[in-house]
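# Close look at the chain arrangement
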Amino acid sequence: MDTQWPRFQVFVQSKSGAPYMDVGSVHAPDAELALLNARDVFARRPESISMWVVPVEAILWKTSQELRQDAEFTGDAHTIQPENTANQPYHIFCKFKQAGTHEFVTTVETASASAALRQAYQSLLHRQNALSWCIIPDQAVTKSDPNEVDSLYAPALDKTFRMSTDFRTVSAMRAIKSTPNENE
Amino acid sequence: MDNETILQDFEERIARGEKIEPGDWMPDEYRRQLIRMISQHAHSEIVGQLPEGAWITRAPSIRRKMILLAKVQDEAGHGQYLYHAAETLGATREEMLEALLAGKAKYSNVFNYPTLTWADVGVIGYLVDFAAILNQTMLARCSYGPYARAMVRICAEENFHKKQGQDIVIRLAQGSPYQRAMVQDAIHRWWWPTLMMFGPPDSESPNTATLVRWKVKTRTNDELRQEFIDKIIPELLALGLSVPDAELHYDERLKRWVHGPIDWEELRQVIQGDGPCNKERMEARIQAHEDGLWVREAMIAYAQRTQA
């Protein structure tokens, strides 16, 4: 029996103007607590000013390999059935570099996630460079409150001892190696 | 495409340096090996909190206490990154945690040794975390995207772990005769377990060839162990410290340090659950899980109330 808490994918904005990036996932009983878990797991250092959490089952993932095997994307003639639901915003994330992760690219308004993927795929200039796609309905996103930026992320700022640069071991070792060992 | 063509296509992708993402086709064996490695790695991070966690209340200064707290919290975070990576392959968090708490899961040998003095905290950071960095730097280039991404995050943070440990070791090595003796004793006790951490010798590591071909690993256990020795020995000697290996010597022809025989039987026993602290670690882990029950229940109650 699966009793585990729902899993939420976490997207982090590192600084103003930077795209949201997919960093991983956390488990939590709801989105609000997922944001708190995500802060503890992914922002122990000054690396976030805003976060999104999204239930994983709300996300459509497609790799370029999957798209190539999908006739709707490879075929010339698309027979797209009109969908009887209202348009809503979908956020499009792509991975462009082999060693990279999914980053925010654009938002489109369509009737479904697969329609959003199709529209983004057809309009995106560098689509051939996209190695993997992640489509998120805006209504599934829970965003960290901009008014709580300080209480969520500022505590990481003054903990400089978490950074390796806070320890001068390289220069200490150099100094030790350049002086004769008096203990010998 | 038939199976052979699909496999060939997969191996060509790997050879070109492409990363495999969760939706891509992959051999069952690739998935199985990754789940095995990543879950063991995650368990190691979680259990790895315990030996050092024991010193948080006894750290010699408030600054050292904050550093140690931050480090142990990082290890918990690393466990989370890794459980996530295993979940992208179809493993569930629940089955992984159950396997750990039931004592069925394997984790790194090195966390089954006791931390007897404050110097152990320094030596774990300096030796054990440095050894982990070498392994994890390799894994950051692994062919499976989510595992490689978790490793990139972990490596950045492990550098802090290593340097805070090295900082403690340097201070103690330059301290009073008592402090010098304490750090020397800690190095003697952690040296062999750290060498064993890289895993069995290549000649007895049945998975290595496949894992290297699929670029899950790009270097062998023995190669990584050698790099560790070559880098750490000159530093320890400069600090006036020694390792408990009478046969250790520098081979001028090979241009590398050559170590004496490693007690592989000890590694086998510790991995099988029969090390000095295996029982204690499992008891502490189960206790922590049970002690956290009220927090999980409170979170569920809160979520239910806010949804109502």
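Rules used throughout
- Sequence positions are assigned chain by chain, starting from 1 and proceeding in written order.
- Labels follow written order: the first chain is A, the first ligand is 1, and so on.
- Selection of residues for local features in this predicted model requires a pLDDT of at least 70, selection of side-chain atom pairs for listing and counting requires 80 or more, and totals for whole chains, interfaces and linings are taken over all residues.
- Note that water and hydrogens are dropped before the side-chain values are worked out from all heavy atoms of the structure.
- Under the scheme used here, helices are H or I runs from DSSP no shorter than 4 residues and strands are E runs no shorter than 2 residues, and both carry numbers assigned from the N terminus.
- Atoms counted for the radius of gyration: C-alpha only. Globule rule: 2.2 Å times residue count to the power 0.38.
- Only protein chains enter the accessibility calculation, which uses a 1.4 Å probe; a residue whose area is less than 20% of its type maximum is buried, one above 50% is exposed, and one in between is partly exposed.
- For this count, His and the chain ends are skipped, Lys and Arg are scored as positive, and Asp and Glu as negative.
- One atom stands in for each charge, and that atom is NZ of Lys, CZ of Arg, CG of Asp or CD of Glu.
- We define a nonpolar core as any set of buried Ala, Val, Leu, Ile, Met, Phe, Trp, Tyr and Cys residues linked to one another through side-chain atoms lying within 4.5 Å.
- Pairs of residues are marked as contacts when any of their non-hydrogen atoms sit within 4.5 Å.
- Note on definitions: angles span 0 to 180 degrees between N-to-C directions of axes, and those axes are lines fitted to C-alpha atoms, for helices only across the stretch in contact.
- We call two directions roughly parallel when the angle between them is under 35 degrees, roughly antiparallel when it is over 145, roughly perpendicular when it lies between 65 and 115, and oblique otherwise.
- Note on convention: near helix rotated counterclockwise from far helix by under a right angle means a left-handed crossing. Clockwise means right-handed.
- Following the grouping adopted for this structure description, the nonpolar residues are Ala, Val, Leu, Ile, Met, Phe, Trp, Tyr, Cys and Pro, the charged ones are Asp, Glu, Lys and Arg, and the polar ones are all others, Gly among them.
- The rule is simple: put a 1 Å grid over the protein atoms alone, call a set of points where a 1.4 Å probe fits but cannot get out a cavity, call an open set with protein on both sides within 12 Å along at least five of seven lines a pocket, and count a residue as lining if it has an atom within 4 Å of a point.
- Grid points are joined across faces, edges and corners, and a volume is the space filled by probe spheres set on the points.
- Expected helix span is taken as 1.5 Å per residue step, with the number of steps being one fewer than the number of residues.
- In the analysis that follows, any N or O atom pair within 3.5 Å is treated as a polar contact, provided that within protein one partner can donate a hydrogen and the other can accept it, and provided that, for residues neighboring in sequence, both atoms belong to side chains.
- Two strands pair if DSSP finds at least two bridges between them.

Let us now look at the overall build of chain B. Looking only at helices and strands, chain B has 13 helices and two strands in total. Taking 19 Å as the expected radius of gyration for a compact globule of 308 residues, we find that chain B reaches 21 Å, a close match to that expectation. Each principal axis of the C-alpha distribution contributes one length, and for chain B these read about 65 × 60 × 30 Å. Every one of the 308 residues in chain B was classed for burial, and the buried ones make up 55%. Taken as two groups, the 37 positive and 44 negative side-chain charges of chain B have centres that lie 5 Å from each other.

B:Y30, B:Y147, B:W191 and B:F228 are the most contacted members of the largest nonpolar core, which totals 104 residues. Broken down by element, this core gets its largest block of residues, 13 residues, from helix α6 (residues 118-139) of chain B. If near-sequence neighbours (up to four positions away) are discounted, B:Y30 is found in contact with B:F10, B:I14, B:I20, B:S143, B:Y144, B:W214 and B:V216. Among the nonpolar cores identified, the runner-up in size contains 13 residues, and A:L67, A:L117, A:A130 and A:I135 belong to it.

Here the focus is the packing of helix α2 (residues 28-47) of chain B against helix α7 (residues 145-173) of chain B. Residues and elements named next belong to chain B. In contact at an axis separation of 13 Å, α2 and α7 are set at 25° when each is read in the N-to-C sense. With respect to α7, the axis of α2 lies roughly parallel. Seen along the crossing, α2 lies across α7 with a hand that is left-handed. Contacts from L34, M37, I38, H41 and E45 of α2 reach α7 at Y147, M151, I154 and E158. By residue class, the composition of the contact of α2 with α7 is six nonpolar, one polar and two charged.

Further remarks concern the layout of surface pockets. Approximately 1,500 Å³ is the volume attributed to the largest pocket. Taken together, 41 residues make up the lining of the largest pocket; nearest its centre are B:Q80, B:L97, B:R285, B:H289 and B:R296. Those elements giving two or more residues to the lining of the largest pocket turn out to be β2 (21-27) and α1 (31-42) of chain A together with α3 (49-53), α4 (62-87), α5 (93-101), α12 (278-291) and α13 (293-307) of chain B. At nine residues, the largest contribution of residues to the lining of the largest pocket is made by α4(B). Considering only enclosed or pocket space, the second largest pocket measures out at about 1,200 Å³ in volume. B:Q40, B:M197, B:F198, B:G199 and B:P200 are, among the 45 residues lining the second largest pocket, the residues nearest its centre. Broken down by secondary-structure element, the contributors of at least two residues to the lining of the second largest pocket are α2, α4, α6, α7, α9 (208-213), α10 (221-238) and α11 (264-271) of chain B. Examining the composition of the lining of the second largest pocket, we find that nine residues originate from one element, α6(B), more than from any other.

Residue and element names in this part refer to chain A. Along its 12 residues, α1 runs 15 Å from first to last C-alpha, staying within 8% of the 16 Å computed at 1.5 Å per residue. Those residues of α1 that sit buried are A31, L33, A34, L35, A38, V41 and F42. Taking the backbone nitrogen of E32 as reference, a side-chain oxygen 3.3 Å away marks D30 as the first, capping residue of α1.

Moving on to the packing of α6(B) against α10(B). Residue and element names in this part refer to chain B. Where α6 contacts α10, the axes come no closer than 10 Å and their chain directions differ by 140°. In the packing of α6 onto α10, the handedness of the crossing is right-handed. Of α10, the residues touching α6 (which contributes Y126, L127, F130, A131, L134, N135 and M138) are L224, E227, F228, K231, I232, E235 and L236. Its residues assigned to classes, the contact of α6 with α10 shows 10 nonpolar, one polar and three charged.

Glancing now at the pairing of strand β7 (residues 132-137) of chain A. All names here are of chain A. Within β7, six of the six residues are buried, leaving the element largely enclosed by the surrounding structure. Side chains S132, C134 and I136 project from β7 onto one buried face, and the interleaved W133, I135 and P137 project onto a second face that is buried too. Bridging between strand β4 (residues 60-63) and β7 involves four bridges; their strand directions are antiparallel. Within the sheet, the bridge partner assigned to W61 lies in β7 and is C134. Across six bridges, strand β5 (residues 88-95) lies against β7 in antiparallel orientation. Within β7, the residue paired with I92 across the bridge is I135.

Turning our eyes to something else, we now look at unusual backbone geometry. All names here are of chain B. Its identity is not glycine, yet K215 carries a phi of approximately 55°, on the positive side. Relative to the assigned elements, K215 resides in the loop between α9 and α10. Its identity is not glycine, yet K255 carries a phi of approximately 55°, on the positive side. Along the polypeptide, K255 turns up in the loop between β1 (249-251) and β2 (256-258).

Our focus in this paragraph is the environment of B:R153. Structurally, the position occupied by B:R153 is in helix α7. Considered as a pair, B:R153 and B:H78 are 75 residues apart in the sequence and their alpha carbons are 8.4 Å apart. Residues in contact with B:R153, not counting those within four places in the same chain, are A:V23, A:F42, A:E47 and B:Y81. A distance of 3.2 Å separates a polar side-chain atom of B:R153 from the backbone oxygen of A:F42.

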